[in-house]
Amino acid sequence: MPKVLVCDPIDQAGIDILSQVAQVDVKTGLPVEELVKVVPEYDALMIRSGTRVTAEIIEAGVQLKIIGRAGVGVDNVDVPAATRKGIIVVNSPEGNTIAAAEHALALMLSLSRHIPDANQSVKNGKWERKKFVGTEVYKKTLGIVGLGKIGSHVAAAAKAMGMKLIAFDPFISAERADQLGCRLVDMDVLMQEADYITLHIPKTPETTNLINAKSLAKMKPTARIINCARGGIIDEAALAEALKNGQIGGAALDVYANEPLGESPLTELGKEAILTPHLGASTTEAQVNVAVDVAEQIRDVLLGLPARSAVNIPGLHPDALEQLRPYLQLAETLGNLVSQLVGDRVESLNIHLQGELANNQSQPIVIAALKGLLSRALRERVNYVNASIEAQERGIRVIETRDASIRDYRGSLLLQAKGPSEEHDVTGTLLGDGEIRITTVDGFPINVPPNQHMLFTRHRDMPGIIGKIGSLLGSFNVNIASMQVGRQIVRGDAVMVLTIDDPLPEGILEEILKVPGIRDANTVML
Ligand SMILES: NC(=O)C1=CN([C@@H]2O[C@H](COP(=O)(O)OP(=O)(O)OC[C@H]3O[C@@H](n4cnc5c(N)ncnc54)[C@H](O)[C@@H]3O)[C@@H](O)[C@H]2O)C=CC1
Ligand SMILES: O=C(O)CCC(=O)C(=O)O
């Protein structure tokens, strides 16, 4: 039974799902050195933001197949290290959207009405109504940085509260912003015009310290900033300074460059700063959502099924994936087949998507073909996560073309592989019931289902040759399941494809090559 290690507190609903297929150990708060020690025995890790999955942990995870992040941000996982090792990283892109958006709104209103300090004051026995006079958000300008899932929800709610909306997001169209009632502006304008600024962007090299002393200086002295996205997007020292000097009106933070926050100039500030301990996703609903979402994906991957929200393999809508899955199997089979025909190292692979397949997203098909191509060399080490990197590192040139006008079949895939001394091509398609058919080999038409053991020959089309091969196989006690010849002209060049019940015994290939008229022979195992 596979083993899953849950490293952070996860809702029981997730653990129940994992327990259907795996032994689940919950060990929260393990230091890195402990994790490195225990990780070798686990097939999957499930984490929240509390655990940092470093390259060292990934290297030690010799059995790891999947790392599940019960949340959105995967910045606490060394994704490139996982990708390199073929480990799938999944997250829950939407499970906590509402929770994070509502927390940002709660922080905005708390800042406006000094709720945390007013609450503390009453609990201290005071009645300080004058001290806590607030401001309204109605008709104020909210500047949203990042109009993705959370930013959009914040926009809708803020609009309902009568706020004017401006946004900075270079990857969002003006039409989308318009739909949300937002005016797209550049970052400088947003910093200058907004009364409230809320951040909803990922932490990337580009967004690290996006809000710094220089940009804070552009804000109105009354303006307030909220960060419910990621620590490190705001330069905390510069922010503390701006708040201390009254250069800006206030700040509310849920996330920090280092978590837990510990000693920081931010903790010394008064009511102008509100700090929460990374609570954006901490609602009962969101915790069930993310735990179920990620646990289901871990369960599926452990059962050999694809994950719907893998961050390091091409993202496909589950419906699209369902539709494409038989073609992925086709691509993988053809990749494996053509690499065995080339025999040697493959230097280049041309992938032609034909017919209706040409209208599909090609990236998963290309990856599946590469996975098949490399499986001869890398066996189970190659998967959908690392196939592209492995191909790149081996210097395989990948060319992708598409032609929707080829209508021999509804959709077909042609792979042409070139090695230092040989080049071969194969075409395949799917029948109505989803069964794979190999329809050409080296340009010769055939119609053969792939089989575990196959023999391919190139020969001169002449009387007696098929009989000779049949007898030869019989003399080696090899049972032929099917035999087909593909030719373009009578008595010209031809291919023969045999499916056989057992692997070919040693020495038989040499005998086949001695048969007059046989030019080449390859065994293939699929
Ligand atoms: N505090 C918490 O507990 C939580 C925090 N988060 C964080 O919130 C952030 C946003 O999450 P989602 O809205 O789900 O992500 P999303 O991917 O739906 O949206 C992010 C948006 O940021 C934009 N963006 C990327 N780079 C940008 C840049 N340099 N400048 C401006 N815009 C840029 C993208 O175009 C996208 O529209 C993430 O960092 C996530 O980790 C998410 C959930 C809970
Ligand atoms: O796991 C958590 O509570 C944090 C959630 C979060 O930051 C995220 O989903 O990106």
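Everything quoted here is computed from the prediction, not taken from an experiment. (Residues numbered from 1 in each chain as written. Chains lettered and ligands numbered in written order. Predicted model: local features only at pLDDT ≥ 70, side-chain atom pairs only at ≥ 80, totals over all residues. Heavy atoms only, no water.)

1. Notes on the sheet that holds strand S13 (residues 348–355)
Spatially, S14-S13-S15-S16-S17-S18 is the arrangement adopted by the six strands of the open sheet, whose pairing is mixed. Edge strands, defined here as strands with exactly one partner in the open sheet, are strand S14 (397–403) and strand S18 (444–448). Sheet twist, expressed as the average angle between the axes of neighbouring strands with direction ignored, equals 20 degrees. Summarising the sheet, strand S15 (residues 411–418) and strand S16 (residues 423–430) pair through seven bridges and their orientation is antiparallel. Residue pairing in the sheet places Lys 418 in a bridge with Glu 423 of S16. Seen against the sheet, helix H14 (residues 363–378) touches S13, S14 and S15 and runs at an angle of roughly 135 degrees to S13. (Pairing = 2+ DSSP bridges. Helix = DSSP H or I, 4+ residues; strand = E, 2+ residues; numbered from the N terminus. Axes fitted to C-alpha atoms, helices over the stretch in contact; angles between N-to-C directions. Contact = heavy atoms within 4.5 Å.)

2. Section: the packing of helix H5 (residues 97–113) against helix H7 (residues 149–160)
Closest axis-to-axis distance for the H5/H7 pair is 9 Å, and the angle between their directions is 50 degrees. One element, H5, and the other, H7, form an angle in the oblique class. Read as a crossing pair, H5 and H7 show a hand that is right-handed. Residues Thr 97, Ile 98, Ala 100, Ala 101, Ala 104 and Leu 105 of H5 pack against Lys 149, Ile 150, His 153, Val 154 and Ala 157 of H7. (Parallel < 35°, antiparallel > 145°, perpendicular 65-115°, else oblique. Left-handed = near helix turned anticlockwise from the far one by under 90°.)

3. A look at the pairing of strand S4 (residues 66–69)
Residues of S4 alternate between two faces, with Ile 66 and Gly 68 on one and Ile 67 and Arg 69 on the opposite face, all of them buried. In terms of strand pairing, strand S3 (residues 44–47) meets S4 through four bridges, oriented parallel. Bridge pairing in S4 places Leu 45 opposite Ile 67. In this view, the connection linking S3 to its parallel neighbour S4 by way of helix H3 (residues 55–60) has right-handed handedness. Handedness of the S4-helix H4 (residues 79–84)-strand S5 (residues 88–90) crossover: right-handed. (Buried < 20%, exposed > 50% of the residue type's maximum accessible area, 1.4 Å probe, protein only. Right-handed = clockwise from strand over helix to strand, strands pointing away.)

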